[in-house]
Amino acid sequence: MRITISGPPGSGKTTVCNKLAARLSYDAVVFGKIFRDIASERGLSLSELGDIAEKDRSIDELIDSRILQLAREKDNVILESRLSAYMLTRHGIPAFRVYLEASPEIRIERIGMREGETREETLRITAEREMSEAKRYMMYYGIDINDTKIYDLIVNTDEMDADRVVEKIIESLKVATCL
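No experiment lies behind these values; they were computed from the predicted model shown.

Reading the values: the criteria
Residues numbered from 1 in each chain as written. Predicted model: local features only at pLDDT ≥ 70, side-chain atom pairs only at ≥ 80, totals over all residues. Heavy atoms only, no water. Axes fitted to C-alpha atoms, helices over the stretch in contact; angles between N-to-C directions. Helix = DSSP H or I, 4+ residues; strand = E, 2+ residues; numbered from the N terminus. Parallel < 35°, antiparallel > 145°, perpendicular 65-115°, else oblique. Left-handed = near helix turned anticlockwise from the far one by under 90°. Contact = heavy atoms within 4.5 Å. Nonpolar A, V, L, I, M, F, W, Y, C, P; charged D, E, K, R; others polar. Buried < 20%, exposed > 50% of the residue type's maximum accessible area, 1.4 Å probe, protein only. Arc of directions from axis to C-beta. Expected span 1.5 Å × (residues − 1). Pairing = 2+ DSSP bridges.

A. How the structure looks around the packing of helix H1 (residues 13-24) against helix H8 (residues 162-177). The interhelical angle for the contact between H1 and H8, taken along N-to-C directions, is 55°, at an axis separation of 9 Å. When the axis of H1 is compared with that of H8, the two are oblique. As H1 packs across H8, the resulting crossing turns out to be right-handed. Of the residues in H8, those in contact with Thr-15, Val-16, Lys-19, Leu-20, Arg-23 and Leu-24 of H1 are Ala-162, Asp-163, Val-165, Val-166, Glu-167, Ile-169, Ile-170 and Leu-173. Split into classes, the residues belonging to the contact of H1 with H8 amount to nine nonpolar, one polar and four charged.

The structure is reproduced here in structure tokens:
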């Protein structure tokens, strides 16, 4: 089974993806890491690469083609990215699609702790990133990243630790697949 995990920055996508993959013995693919690696390889910040990606579609196309390639090659994989659910759906690749949401306050706190930034820096950088992504996804794909109708499960992670989120996903998977 393919599982996609999406959501805004700081919602817990990467942590949940890795824990769920370990629990199910699935491969985990975190596409935020790929974007960060591309930025690092080019000596750029995430915001700078986001600015370039707004003008150069090839960056998103590279990441998206990798999503589709892995989804076609692997049955037991968890794909963590903002667009994985949309990409698989548009290409007729079956998956259980999970969206993690969290309040802006919680997300900013999580991101700031992870990145070692001040609250002000985190707010600015996260806002720039979210605006860049929303603009690119609409411009390149006609996708409103805030439209969650495509998802099979939406989990608010404000009051849940990653282990509880993983349990909720597994419970929902059992119902969806009649396990």
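Let us keep going from here.
B. Quick peek at unusual backbone geometry. Even without glycine at this site, Ser-25 takes up a positive phi of about 60°. With respect to the helices, strands and loops of the structure, Ser-25 is situated in the loop between H1 and strand E2 (27-30).

C. Highlighting helix H2 (residues 31-41). Along H2, the residues classified as buried are Phe-31, Gly-32, Phe-35, Ile-38 and Ala-39. Seen end-on, H2 carries its buried residues on one side only, within an arc spanning 120°. Away from the buried face of H2 by more than 90 degrees, exposed residues Ser-40 and Glu-41 are located. Buried residues along H2 sit in contact with E2, helix H3 (46-53), helix H4 (58-73), strand E3 (77-80) and helix H7 (119-141).

D. Representation of H1 in the model. With 12 residues, H1 should cover 16 Å at 1.5 Å per step; its first-to-last C-alpha distance of 16 Å lies within 8% of that length. Regarding H1, the residues found buried are Lys-13, Val-16, Cys-17, Leu-20 and Ala-21. All buried residues of H1 lie within an arc of 130° about the axis, which places them on one face of the element. Along its buried surface, H1 packs onto strand E1 (2-6), E2, E3, strand E4 (96-101) and H8. One or two positions beyond H1, positive phi appears at Ser-25, with a value near 60°.

E. Highlighting the sheet that holds E1. Pairing is parallel in the open sheet, where five strands are placed in the order E2-E3-E1-E4-E5. Of all the strands in the sheet, just E2 and strand E5 (153-156) have a single pairing partner and so form its edges. Direction aside, neighbouring strands of the sheet carry axes that sit 20° apart on average. Inspection of the sheet shows E4 paired to E5 by four bridges, in the parallel sense. Opposite Glu-101, over in E5, you have Asn-156 as the bridge partner. Running at roughly 165° to E2, H1 makes contact with E1, E2, E3 and E4 of the sheet.

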